[in-house]
Amino acid sequence: MSLFLPKLTCKKDIDEVIKAVAEKVVVLRFGRDEDSVCLQLDEILSKTSHDLSNMASIYIVDVDKAPIYTRYFDISYIPSTVFFFNGQHMKVDYGSPDHTKFVGSFKTKQDFIDLIEVIYRGAMRGKMIVQSPIDPQNIPKYDLLYHGI
């Protein structure tokens, strides 16, 4: 399903999108095209991209082609979804220790739509971190690799 979403293949492309897209949430899905969970997430992203086109621009990033961003955002689990607004990294409190990215696939299209709406509204008010509207039962649980160090 990622055929319908634009792909960013290098750091330069990612930097340009983050800087150039104004007044919209930039959604970067880090993962691999052949991964089954990435494909599941890509289906949700592609089905909602048209409905969210006024609020968000959605892009696919292969973790192997953007190692600088993969290390910077500590992407050790895929898929991981990172959000920006007007060049600023938007953080979301999912009730987990990591507010920098969403790890895993969204359970429903509505979860993703609700999250984009909350990020967009928060960003328009100048907030850099917003509270996740997603039911905690629908948020994948994982352990941080550096926990307790």
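Remember, it's a predicted structure, so these values are computed and weren't measured experimentally.

Participant: Outline the overall build of the protein chain, listing residues and values.
Facilitator: Helices and strands together make up the secondary structure of the protein chain, namely four helices and seven strands. Going from N to C terminus, the protein chain has its helices and strands arranged as β-α-β-α-β-α-β-β-β-α-β. Taking the principal axes of the C-alpha coordinates as reference, the protein chain spans close to 40 × 30 × 25 Å. Within the protein chain, the fraction of its 149 residues that count as buried is 47%. Contacts spanning at least 24 positions in sequence make up 75% of the contacts within the protein chain whose residues lie at least 6 apart. In the protein chain, which carries 18 positive and 20 negative side-chain charges, the distance between the mean positions of the two groups comes to 3 Å.

Participant: Which residues make up the side chain of S105, and what are the values?
Facilitator: Among the secondary structure elements, S105 is positioned in the loop between β6 (102-103) and α4 (109-124). Excluding residues within four positions of it along the chain, S105 makes contact with V37, Q40, L41, I44, P79 and P140.

Participant: Kindly report on the state of the cysteines, identifying the contributing residues and their values.
Facilitator: Within this structure, the stated rule accounts for zero disulfides. Left unpaired, C10 is separated from the closest cysteine sulfur, that of C38, by 19 Å. Of the residues examined, C10 reaches a relative accessible area of 29% and is grouped as partly exposed. The class of C38 is buried, set by a relative accessible area of 0%.

What counts as what
Residues numbered from 1 in each chain as written. Predicted model: local features only at pLDDT ≥ 70, side-chain atom pairs only at ≥ 80, totals over all residues. Heavy atoms only, no water. Helix = DSSP H or I, 4+ residues; strand = E, 2+ residues; numbered from the N terminus. Buried < 20%, exposed > 50% of the residue type's maximum accessible area, 1.4 Å probe, protein only. Contact = heavy atoms within 4.5 Å. Lys, Arg positive; Asp, Glu negative; His and termini not counted. Charge placed at Lys NZ, Arg CZ, Asp CG, Glu CD. Disulfide = S-S within 2.5 Å.

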